[in-house]
Amino acid sequence: TTVHWHGVQVPIQMDGVPGVSQPPVEPGGSFTYDFVVPDAGLFWYHPHVMSAAQVGFGLYGALLVEDPDERLNVADELVLVLSDIAIEDGSGELQSPDSGGALGSLFGREGNHVLVNGRIRPTLTVRNGAMQRWRIVNSAKSRYFQLQLDNVQPFLLIGVDGGHMEYSVERQVVVLAPGERADLLVAPKLDAGRDLTLINIPFDRGFGSVEFRSADDLIAFKAAPLPPAPAVAFPRVTRDIPPMSAEAARPIDIELIMTKDHGLTTFDIKGGPFWRGTSVLAAMGETQLWTITNKAIWAHPIHLHGFFFQEVDEKGIPVSPRAWKDTIHVPAESTRRFLVKLDRPGSWMYHCHILE
Ligand SMILES: [Cu+2]
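Residues numbered from 1 in each chain as written. Predicted model: local features only at pLDDT ≥ 70, side-chain atom pairs only at ≥ 80, totals over all residues. Heavy atoms only, no water.

Enquirer: Explain the environment of Q54 here, please?
Expert: With respect to the secondary-structure elements, Q54 resides in helix α1 (residues 51–56). The class for Q54 is buried, based on a relative accessible area of 16%. The spatial distance from the C-alpha of Q54 to the C-alpha of T1 is 8.6 Å, given a sequence separation of 53 residues. Ignoring any residue separated from it by four or fewer positions in sequence, one finds Q54 in contact with T1, P47, V49 and L59. (Helix = DSSP H or I, 4+ residues; strand = E, 2+ residues; numbered from the N terminus. Buried < 20%, exposed > 50% of the residue type's maximum accessible area, 1.4 Å probe, protein only. Contact = heavy atoms within 4.5 Å.)

Next up, the structure:
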């Protein structure tokens, strides 16, 4: 196996891609990962060998890098690792990672049990109305999460993949593609005689992805035997993120397409499957404008190793609030763009984070 440190800007030797940044670690072997964590934020780690099986069977974890200068007045801080696992109903055995055949590989296999920190529908005891901070990572190998509290009270979204955003925004629904992170403030409001639940609403990735599916319960909330906390407004959380400029950026076009090869449908990047895909080349320190066009009928989260990028609109202007991202959700039959400064040497991978 190997370990990839998703979102952490490590030197290429520590990036954990077998055959590119290191040889795979054989059973019984070892490899020491040694690096400095340069950015505050919630990151995560997972193998980059047979990822569908190894991540699907539970090899992943969160890596929280805290900023010692950060001041946020909250009652409780949680790291929530969202995932799922496929278990046979009768035997309780783990399901084979290639169940569902070619269609499973194409769409991505979602486990039949949704997990929060490795548990099914945990209960969280909270003080009614007290502000909480939740840092959330989607570690599932192909499931999108669309989070909502069932009383539809708002979250304050203060950060994403690469830490705080330019400014915080209120959201009733937060969508996380596989690999993405969110940093939220929320003051759970428990009305007497009514349960509060964090739910996952099936996310429409495209053709056939939401039919006959209902919401999953993720976390049940229970009121602590304390008087309700006095109501407080959300703070305004800001960060100075200078906008990147598309001027002089080298344009890179990436197309995600579906092709039929000897009757087998596959996803290709840039008109070739990965084993004969063309590499994107960059001069050291160069800024590139990537345009990713998804011509497939399902959404794809595209992850770039080693760098943060800024999502931009069709004119090359960074979208507001500006944020540092390492994984971008590209809806079906849509285009997304980002600016990235490639200023660290190495052969860095970019790939869809539906792990099949
Ligand atoms: Cu990853």
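Enquirer: Whenever I open this one, the coordination of the copper ion confuses me. Can you help?
Expert: For a metal with four donors in a tetrahedral arrangement, the ideal angle between donors is 109.5 degrees, while six donors in an octahedron ideally sit at 90 or 180 degrees. Coordination of the copper ion by the protein is provided by H6 (ND1), H46 (NE2) and H353 (NE2), with metal-donor distances spanning 2.0 Å. Taken in sequence order, the residues that donate to the copper ion follow the motif H-x39-H-x306-H. In this pair, H6 is assigned in strand β1 (residues 4–6) and H353 in the segment after β22 (350–352), connecting sequence segments 347 residues apart. For H353, a relative accessible area of 0% translates into the label buried. (Donors = N, O, S within 2.8 Å, 3.2 Å for Na, K, Ca; no water.)

Enquirer: What is the right way to look at the sheet that holds strand β4 (residues 76–85) in this model?
Expert: The strands making up a sheet are joined through hydrogen bonds of the backbone, oriented either antiparallel or parallel. The strand order across the open sheet built from six strands is β5-β4-β7-β12-β9-β10, with neighbouring strands paired in mixed fashion. Pairing within the sheet leaves two strands with one partner each, and these edge strands are β5 (113–116) and β10 (163–171). Geometrically, the sheet is characterised by an average inter-axis angle of 25° between neighbouring strands, direction not taken into account. (Pairing = 2+ DSSP bridges. Axes fitted to C-alpha atoms, helices over the stretch in contact; angles between N-to-C directions.)

Enquirer: Explain the domain arrangement of the protein to me, please; I cannot follow it from the model alone.
Expert: When the parts come together, some accessible area is lost, and that loss is often what is quoted as the size of the interface. When its domains are assigned, the protein resolves into domain 1 (4–65), domain 2 (76–223) and domain 3 (250–352). Computed from C-alpha coordinates alone, the two centres of domain 1 and domain 2 are separated by 23 Å. At the boundary of domain 1 and domain 2, one finds zero salt bridges. Linking domain 1 to domain 2 there are four residue pairs in polar contact (both at pLDDT 80 or more). Secondary structure elements with two or more residues in the side of domain 1 that touches domain 2: β2 (41–46), α1 and β3 (61–65). Here the residues of the side of domain 1 that touches domain 2 sort into eleven nonpolar, four polar and no charged. (Domains from an automatic or database assignment. Salt bridge = Lys/Arg side-chain N within 4 Å of Asp/Glu carboxyl O. Polar contact = N/O pair within 3.5 Å; in protein donor to acceptor, adjacent residues only side chain to side chain. Nonpolar A, V, L, I, M, F, W, Y, C, P; charged D, E, K, R; others polar.)

Enquirer: Please clarify how the nonpolar core should be interpreted in this entry.
Expert: Among soluble globular proteins, nonpolar side chains are generally buried collectively. If you look at the biggest cluster of nonpolar residues, it comprises 29 residues, and the most contacted ones within it are L198 and F221. Aside from chain neighbours lying at most four places away, what touches L198 is W134, L147, Q148, L149, F155, D216, D217, L218, I219 and F221. (Core = buried A, V, L, I, M, F, W, Y, C linked by side-chain atoms within 4.5 Å.)

Enquirer: Help me understand the pattern of salt bridges in this model?
Expert: Oppositely charged side chains can form a pair if their charged atoms are brought close together. The final tally for this structure, using the stated rule, is 18 salt bridges. One salt bridge connects R194 with D150, and the closest N-O pair in it is separated by 3.8 Å. One end of the pair, R194, is in the loop between β12 (181–186) and β13 (196–200); the other, D150, is in the loop between β8 (145–149) and β9 (155–160), with 44 residues separating them in the sequence. Assessed through its relative accessible area of 29%, D150 is described here as partly exposed. It is possible to trace a salt-bridge network through shared partners that takes in D84, E110, R143, R213 and D216.

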